[in-house]
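# Structural description and commentary
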Amino acid sequence: MTTPPRVRRNNGKSGPVVLDDLSKQIIEQLQMDGRKPYAAIGKAVGLSEAAVRQRVQRLQDAGVMQIVAVTDPLTLGFPRQAMIGVNCEGDLETVADELAAIDEIDYVVLTAGSFDVIVEVVCEGDGHLLEILSKIRAIPSVRATESFVYLKLRKQTYSWGTR
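Residues numbered from 1 in each chain as written. Predicted model: local features only at pLDDT ≥ 70, side-chain atom pairs only at ≥ 80, totals over all residues. Heavy atoms only, no water.

### Quick notes on the sheet that holds strand β4 (residues 105-110)
Our working rule: Any two strands with at least two DSSP-identified bridges between them are counted as paired. Under the scheme used here, helices are H or I runs from DSSP no shorter than 4 residues and strands are E runs no shorter than 2 residues, and both carry numbers assigned from the N terminus. Every axis corresponds to a line fitted to the C-alpha atoms, with the helix fit spanning only the stretch in contact, and the corresponding angles, defined between N-to-C directions, vary from 0 to 180 degrees. It only takes one pair of heavy atoms within 4.5 Å for two residues to be counted as in contact.
Strands sit in the order β4-β5-β3-β6 across an open sheet of four strands; the sheet is antiparallel. Pairing within the sheet leaves two strands with one partner each, and these edge strands are β4 and β6 (142-149). Pairwise comparison of adjacent strand axes, ignoring direction, gives a mean angle of 20° for this sheet. In the packing of helix α4 (residues 92-100) onto the sheet, contacts are made with β3 (80-88), β4, β5 (117-123) and β6, and the angle to β4 comes to roughly 170°.

Here you go:
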């Protein structure tokens, strides 16, 4: 019998999740190939297929990772992508929640610096981008936006490891 994955919070408090070496190795295997069979991962890390399956499920349940298909928006008919910097007043968390509720926004982050919040959008074209900007600007606490339209994607990776 293998030990359960070490997925726990530091000292039971909120903060980063503490992972054991086996869980980190499993994550790294999936970052290289999210479709890699559990049996192959097990062979690479020294666990059974069932043990890998259990650990992956626990990692997902703990919110440590998700396994998703990463698509190319251009090939799916979304030729316009942009980051939008948002300046606002009032409660930033509330604004971030309102932004996250907009379907076309796929990334929301509170920031320090020139913008309070930065969002990423994937659009069907410039007209669609304008509609999304109108939705963002309609949020009462939003004071200003600045758009950064993507011209060409040079690098996108999800393999930063587990350190």
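### A closer look at the environment of Asp 116
Rules: Counting of polar contacts relies on pairs of N or O atoms within 3.5 Å, with two restrictions inside protein: one atom must be capable of donating a hydrogen and the other of accepting it, and residues adjacent in sequence are counted only when both atoms are side-chain atoms.
By secondary structure assignment, the location of Asp 116 is in the loop between β4 and β5. What Asp 116 contacts, discounting residues up to four positions off in sequence, is Val 86, Asn 87, Cys 88, Leu 92, Val 109, Leu 110 and Thr 111. At a separation of 2.7 Å, a polar atom in the side chain of Asp 116 contacts the main-chain amide nitrogen of Cys 88.

### Overview of the nonpolar core
Put simply, the rule is: Throughout this description, the term nonpolar core refers to a set of buried Ala, Val, Leu, Ile, Met, Phe, Trp, Tyr and Cys residues connected via side-chain atoms within 4.5 Å. Three exposure classes are used, based on accessible area relative to the maximum for each residue type with a 1.4 Å probe and protein chains only: buried under 20%, partly exposed in between, and exposed over 50%.
If you look at the biggest cluster of nonpolar residues, it comprises 18 residues, and the most contacted ones within it are Ile 84, Leu 99, Val 121 and Ile 136. Mapped by element, the contributors of at least two residues to this core are β3, α4, β5 and α5 (126-137). For Ile 136, the contacting residues outside a window of four places in its chain are Ile 84, Val 86, Leu 99, Ile 102, Ile 105, Val 119, Val 142 and Thr 145. Grouped together as the second largest cluster of nonpolar side chains are 12 residues, Leu 19, Ile 27, Val 45 and Leu 59 included.

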